[in-house]
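# Residue-level structural notes
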Amino acid sequence: MNKPDWIICEHCDSVYQPTPLVRGQKAFCLRCGAVLDRGGQLSTQQLLALSICAAIVFCFANAFPVMSISLQGLGNEATLWQSVEALAQGRISVIAAVAGLTIILAPMLQIILLCWVLSFAVAGVAAPGFKACMRALEHLRPWSMLEVCLLGILVAIIKLGGMLDVHPGLGLWALAMLTVLIIIISGKGIRRLWHDLEGVIP
Ligand SMILES: [Zn+2]
């Protein structure tokens, strides 16, 4: 009980003493083989820089069309929001709510919370509402499905490509970058803040 630094395997509840790791090294659970810890994680400053970058890329992904189609001189293009709106008008309007939540709302909240928590953590203080924000980030992770959306769009482009002229838009490139950024910054690395800010969390 007087060793608060011990790490517990998420999968089988084994308890280990943490060892310092260098970049590229990983610590595995002896019982179940799960990854316990990785060496060379991003610093708080790097995470904040990537979060701000993600916020800018998120604006691009939503402001510009993800794809444009044309056939015999007639053209059409749609942004992420327009595609959610189009779903809302059909018979499967429930899907629109799910799509809006998983590809726009959840990533947006993730980015806002990350920027909020990290901008304070850089100065070595816990942001107001730190605990609630960190818990919210954990709950949001499974709801953010940009990679699924990206795959869906790529499949649509390939399928439609045989019938129409399909061009990926600027929004699609931004979406691809955003997917990678979100995976990097909202992963388990952010949990380190609990340890870094130990003692200053109200
Ligand atoms: Zn384990």
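Calculation notes
- Residues numbered from 1 in each chain as written.
- Predicted model: local features only at pLDDT ≥ 70, side-chain atom pairs only at ≥ 80, totals over all residues.
- Heavy atoms only, no water.
- Domains from an automatic or database assignment.
- Buried < 20%, exposed > 50% of the residue type's maximum accessible area, 1.4 Å probe, protein only.
- Helix = DSSP H or I, 4+ residues; strand = E, 2+ residues; numbered from the N terminus.
- Pairing = 2+ DSSP bridges.
- 1 Å grid on protein atoms, 1.4 Å probe; cavity = no way out; pocket = protein on both sides within 12 Å on 5 of 7 lines; lining within 4 Å.
- Points joined across faces, edges and corners; volume = space filled by probe spheres on them.
- Nonpolar A, V, L, I, M, F, W, Y, C, P; charged D, E, K, R; others polar.
- Donors = N, O, S within 2.8 Å, 3.2 Å for Na, K, Ca; no water.
- Tetrahedral: all angles 85-135°; square planar, octahedral: opposite > 155°, others 65-115°.
- Core = buried A, V, L, I, M, F, W, Y, C linked by side-chain atoms within 4.5 Å.
- Contact = heavy atoms within 4.5 Å.

Turning our attention to the domain arrangement of the protein chain. With domains assigned, the protein chain is organised as domain 1 (1-40) and domain 2 (42-196). The centre of domain 1, based on its C-alpha atoms, is set 30 Å off from the matching centre of domain 2.

So, on to the pairing of strand β6 (residues 74-78). Summarising burial for β6: zero of the five residues are buried, a small minority. Two strands pair when backbone bridges link them, and strand β5 (residues 67-71) and β6 are joined in this way by five bridges, in the antiparallel orientation. When the bridges of β6 are listed, M67 appears paired with A78. Counted between consecutive antiparallel strands, the loop separating β5 from β6 contains two residues, among which Q72 sits at a positive phi close to 45 degrees.

To continue, consider the layout of surface pockets. In this approach, a probe sized like a water molecule rolls over the atoms, and the result shows the empty space that is left. If you add up the space inside the largest pocket, you get close to 1300 Å³. Listing elements by their share of the lining of the largest pocket, those giving two or more residues are β1 (7-8), β4 (35-38), α6 (170-185) and α7 (192-196). For the lining of the largest pocket, the element with the highest residue contribution is β4, accounting for four residues. Tallied by class, the residues present in the lining of the largest pocket amount to 18 nonpolar, eight polar and eight charged. Taken together, domain 1 (1-40) and domain 2 (42-196) each give at least three residues to the lining of the largest pocket, which thus spans both.

The zinc ion binds to the protein through C9 (SG), C12 (SG), C29 (SG) and C32 (SG); the donor distances cover 2.3 Å. Its four donor atoms give the zinc ion angles of 104 to 114 degrees at the centre, a pattern that matches the tetrahedral case. Looking at C9, the relative accessible area reads 1%, which means it is buried.

A few words on the nonpolar core. Considering soluble globular proteins, one finds that nonpolar side chains tend to be buried as a cluster. Of all hydrophobic cores here, the largest spans 45 residues; its most connected members are L80, I153, L175, L178, I190 and L193. Put simply, the parts of the chain that give this core at least two residues each are α1 (44-63), α2 (80-89), α3 (93-121), α4 (130-140), α5 (146-161) and α6. Take this core: its biggest share by element is 12 residues, from α3. Contacts of I190, omitting those with residues within four sequence positions, involve L47, L114, L118, M134, L137 and I185.

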